[in-house]
Amino acid sequence: MASANQIHDLPSVKPLDIEQQTQEEVQEIKVFDYAKRAQWLRAAVLGANDGLLSTASLMMGVGAVKRDAKTMILTGIAGLVAGACSMAIGELVSVYSQYDIEMAQMKREDMGAEELDAGKEKLPNPWHAAGASALAFAVGALVPLLGAAFVKDYAVRVGMVIAVVSLALLAFGGFGALLGKAPVVKSSLRVLIGGWLAMGLTFGLTKLVGSAGL
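Described below are features of the structure shown in this document. (Residues numbered from 1 in each chain as written. Predicted model: local features only at pLDDT ≥ 70, side-chain atom pairs only at ≥ 80, totals over all residues. Heavy atoms only, no water.)

Remarks on the overall build of the chain
Thought 1: What the chain contains, in helices and strands, is seven helices and zero strands.
Thought 2: Secondary structure of the chain in N-to-C order comes out as α-α-α-α-α-α-α.
Thought 3: Within the span of the chain, comprising 214 residues, buried residues form 30% of the whole.
Thought 4: For the chain, the proportion of contacts with a sequence separation of at least 24, taken over those separated by at least 6, is 74%. (Helix = DSSP H or I, 4+ residues; strand = E, 2+ residues; numbered from the N terminus. Buried < 20%, exposed > 50% of the residue type's maximum accessible area, 1.4 Å probe, protein only. Contact = heavy atoms within 4.5 Å.)

Written out as structure tokens, the structure is:
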């Protein structure tokens, strides 16, 4: 039989160590989930910003030579559909390529069936990414469309588009800065000035080409 001293010398499991290890694992999972969520949100903000700016620039450009509301709105709708489809296809191809590369790497490492399934779950879904990208673009593109939809006067319509797009650019720029932990004011102003330049250049160059009769 073991003596009392031998029993006393046996290694003991410290509950505090187990609890600390469990807390660290949970914290790692939370950090991973937050990083993954922030990445998706950032991609959504960028997609919405692209939809907002490209559609608004198209509407401003065409509006420089065709002042009726119907032409501007049809241009915006065409930009929304074309841009959303382009974003979805581009994201689908990109994420599928990443998916195939990651899967090939896991197969080369001779992972077991359970490890392979676990690895698949961590990879982004190409169809989800494509749908999210198209949806974000469409949401951004709706902003200038709604701004111009119910205004008949040309000057007021252009002013309304500029106003709503400017507010949306500030909001998207600020939200993107918060996700990236960057200065909010500086980032928002940078996005706003860039949007004004894009719309101004599109309006001016289209107006110039239209005046030349090309």
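Some details on the packing of aromatic side chains
How two aromatic rings sit relative to each other is set out by the distance from centre to centre and by the angle between their planes.
Thought 1: Within this structure, the stated rule accounts for one aromatic pair.
Thought 2: Measuring from centroid to centroid gives 6.4 Å for Tyr 96 and Tyr 99, while their planes differ by 85°, and the two rings are edge-to-face. Taken together, the positions of Tyr 96 and Tyr 99, both in helix H3 (residues 69-108) and three residues apart, correspond to about one turn of that helix.
Thought 3: Residue classification places Tyr 96 among the partly exposed residues on the basis of a relative accessible area of 34%. (Phe/Tyr/Trp six-rings, centres within 6.5 Å; stacked < 30°, edge-to-face > 60°.)

Brief notes about helix H7 (residues 184-211)
Thought 1: When the terminal C-alpha atoms of H7 are compared, their 40 Å separation across 28 residues agrees well with the 40 Å that a helix rising 1.5 Å per residue should span.
Thought 2: Those residues of H7 lying buried are Ser 187, Ser 188, Leu 192, Gly 195 and Met 199. (Expected span 1.5 Å × (residues − 1).)

Function cannot be inferred from these measures alone, as they are strictly geometric.
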